[in-house]
Amino acid sequence: MDDVITVSIWRGRSEGRYVTYEVPRLDSQTVLDVVTYVQRQVDPTLSYRFACRVGVCGSCAMTVNGRPRWTCRTHVSKVAADNRLEIGPLANLPVVKDLATDMTEFFEKWQRAKGVFSPTATRNDTVAQIRPDAAARVAVDKAIECINCGVCYAACDSVRWNPDYLGPAALNRAWTLVNDERDANNGERLAAVAANGGCHSCHTHQSCEQHCPQAINPTASIAGLKRRTIGAFLRGEMK
Amino acid sequence: MTLRLYLLQRVTAALMVPLIAAHLAVIIYASHSGLSAAEILGRTRGSVGWAAFYGLFVLLVSVHGAIGVRSVAADWTPLRGRALGALMWVFGLLLFLLGARAVHAVIG
Ligand code: SF4
Ligand code: SF4
Ligand code: FES
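Small disclaimer: the values here were computed from a predicted structure and weren't measured. (Residues numbered from 1 in each chain as written. Chains lettered and ligands numbered in written order. Predicted model: local features only at pLDDT ≥ 70, side-chain atom pairs only at ≥ 80, totals over all residues. Heavy atoms only, no water.)

Residue and element names in this part refer to chain A. Not every one of the 13 residues close to ligand 1 is listed here, only the nearest: Cys156, Cys202, His205, Gln206 and Cys208. Contributions of two or more residues to the shell around ligand 1 are made by helix H9 (207-211) and helix H10 (218-234). When grouped by side-chain class, the residues that make up the shell around ligand 1 number six nonpolar, seven polar and no charged. (Near = heavy atom within 4 Å. Helix = DSSP H or I, 4+ residues; strand = E, 2+ residues; numbered from the N terminus. Nonpolar A, V, L, I, M, F, W, Y, C, P; charged D, E, K, R; others polar.)

The next point concerns the packing of H10 of chain A against helix H1 (residues 3-32) of chain B. Running from N to C, H10 of chain A and H1 of chain B point in directions that differ by 95°, and their axes come no closer than 11 Å. Taken together, the axes of H10 of chain A and H1 of chain B lie roughly perpendicular to each other. Mapping the contact onto sequence places Lys226, Thr229, Ile230, Phe233 and Leu234 of chain A in H10 of chain A and Leu3, Arg4, Tyr6 and Leu7 of chain B in H1 of chain B. Looking at the contact of H10 of chain A with H1 of chain B residue by residue, the classes come out as six nonpolar, one polar and two charged. (Axes fitted to C-alpha atoms, helices over the stretch in contact; angles between N-to-C directions. Parallel < 35°, antiparallel > 145°, perpendicular 65-115°, else oblique. Contact = heavy atoms within 4.5 Å.)

In this section: the pattern of salt bridges. Residues and elements named next belong to chain A. The final tally for this structure, using the stated rule, is ten salt bridges over all chains. Note that Lys114 is salt-bridged to Glu188, the shortest N-O span being 3.6 Å. Here Glu188 lies in helix H8 (residues 186-194) and Lys114 lies in the loop between helix H3 (104-112) and helix H4 (135-139), a separation of 74 residues in the sequence. In this structure Glu188 comes out as partly exposed when scored by relative accessible area, which is 46%. Here Arg189 and Asp183 are joined by a salt bridge, their closest N and O atoms 2.9 Å apart. A single burial state applies to Arg189 and to Asp183, both of which are buried. (Salt bridge = Lys/Arg side-chain N within 4 Å of Asp/Glu carboxyl O. Buried < 20%, exposed > 50% of the residue type's maximum accessible area, 1.4 Å probe, protein only.)

Here the focus is the interface of chain A and chain B. Listed per partner, the contact involves 16 residues of chain A and ten residues of chain B. Each partner contributes to the roughly 1200 Å² buried at the junction of chain A and chain B, and carbon and sulfur atoms together form 61% of this total. If you sort the residues of chain A by the area they bury against chain B, Trp161, His200 and Phe233 of chain A come out on top, with a joint share of 44%. The interface formed by chain A and chain B holds zero salt bridges in total. Joining chain A to chain B, the criterion identifies two residue pairs in polar contact (both at pLDDT 80 or more). For the side of chain A that touches chain B, the residue count by class is eight nonpolar, six polar and two charged. (Buried area = accessible area lost by both parts, 1.4 Å probe. Polar contact = N/O pair within 3.5 Å; in protein donor to acceptor, adjacent residues only side chain to side chain.)

Below, the discussion takes up the packing of aromatic side chains. Overall, the coordinates contain twelve aromatic pairs over all chains when judged by the stated rule. Geometrically, the ring pair formed by Trp10 of chain A and Tyr18 of chain A is edge-to-face, given 5.2 Å between the ring centres and 70° between the ring planes. Overall, Trp10 of chain A belongs to the buried group, its relative accessible area being 13%. Here Trp50 of chain B and Phe53 of chain B contribute two aromatic rings whose centre-to-centre distance is 5.7 Å and whose plane-to-plane angle is 90°, an arrangement assigned as edge-to-face. Here Phe53 of chain B and Trp50 of chain B lie together in helix H3 (residues 48-76), a separation of three residues that amounts to about one turn. Note on Trp50 of chain B: relative accessible area 29%, which makes it partly exposed. For Phe53 of chain B, a relative accessible area of 17% gives the class buried. One aromatic cluster is present, built from ring pairs that chain together Phe106, Phe107, Trp110 and Tyr153 of chain A. (Phe/Tyr/Trp six-rings, centres within 6.5 Å; stacked < 30°, edge-to-face > 60°.)

Once that is clear, we can look at unusual backbone geometry. All names here are of chain A. A positive phi angle, near 50°, is found at Ser28, a position not held by glycine. Mapped onto the elements, Ser28 comes out in the loop between strand S2 (16-24) and helix H1 (31-42). Positive phi values are uncommon outside glycine, yet Gln206 reaches one of about 70°. Position of Gln206 among the secondary structure elements: in the loop between H8 and H9.

Our focus in this paragraph is H10 of chain A. Taking 1.5 Å of rise per residue, 17 residues should cover 24 Å, and H10 of chain A covers 24 Å from first to last C-alpha, within 8% of that figure. Judged by how many residues are buried, H10 of chain A sits mostly within the fold: twelve of 17 residues are covered. Residues of H10 of chain A that are buried: Pro218, Thr219, Ser221, Ile222, Gly224, Leu225, Lys226, Thr229, Ile230, Gly231, Ala232 and Phe233 of chain A. Buried positions along H10 of chain A lie against helix H7 (168-178), H8 and H9 of chain A together with H1 of chain B. Gly236 of chain A, located one to two residues past H10 of chain A, shows a positive phi value of around 80°. (Expected span 1.5 Å × (residues − 1).)

Next up on the list: the sheet that holds strand S3 (residues 61-64) of chain A. Residue and element names in this part refer to chain A. Strand order in the open sheet made by the five strands is S2-S1-S5-S3-S4, with mixed pairing throughout. Edge strands, defined here as strands with exactly one partner in the open sheet, are S2 and strand S4 (67-70). Looking at each pair of strands side by side, their axes are set apart by 35° on average, direction ignored. When S3 meets strand S5 (residues 84-88), the two strands line up antiparallel, connected through two bridges. Looking at S5, one finds that Val64 is bridged to Ile87. Contacts from H1 reach strand S1 (4-12), S2, S3 and S5 within the one sheet, and its direction differs from that of S2 by about 95°. (Pairing = 2+ DSSP bridges.)

Structural data, given as structure tokens:
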């Protein structure tokens, strides 16, 4: 193992350039550790985002050697065989500064896809019992593990080509709610995901599935939404 | 793409599968059995069955192809909204006219 990593980091907004730094190589070092070293030891003006450092909060995603990744759980040894790293902001999102992207549009699309839970019960009712082996619960076993990191959104060509496209994360979220028997808003939700830029704009590339750090398969969730919306349409439940 | 277009494209694709198989079988049969152009035309001219078969085929191709071109244009060109719809209709009608002309030549 060499004792130095050569890392190029994006500096600036949409206009900017990659600046190269040298960082000491350590055992079990993550990509986030490398970025943190640069900010703490070399240039405190470097901007980036993280919180939990253990793969829970979803705030640390960046483009690492050309691929979107969660940086706190990505070991340098896994992605930089020759001790070289290129770290940029996530693709398909406006850059605020350096490695921090503006996630507004990403989360607005969650709202557009009716990604908000609409309860059927009130706090005075008993808590619903969902059987772990119920078909609808099994269908979303993986999908509910989303940490909103935006990696899939950055990996999706359809997002890049079509600014209206809701994207894999928002549609995956809608799929979890469509299968939630406690939710009351599926009529509107199905209409929202069937509208222009909805689930039918997905080309089934599976980049989202390939890159999702939680091993979720948004493509499968979107295919589920395609089936549900068509079923609702054929039954005359949707215009 | 919207739900209706998506559905229409899948339905036309499914309907075309047996028609494509039959079309290929006809091509292979016609070329292997050594039929001349005149003999082929002798069998197709005035045939209601062949007119219906290839007429339907042309219709399905036009709808399916036009929706596909709209999708490609939506992703790869700046066209949006009505312009996409216009492209889809013009392309579909063009395909239909070309196809109808060919069907007419073989059956009419
Ligand atoms: S499968 Fe669909 S959502 Fe996933 S990357 Fe491809 S187009 Fe995007
Ligand atoms: S689906 Fe996966 S990649 Fe996409 S936001 Fe959720 S956790 Fe991240
Ligand atoms: S810092 Fe929370 S997921 Fe990486």
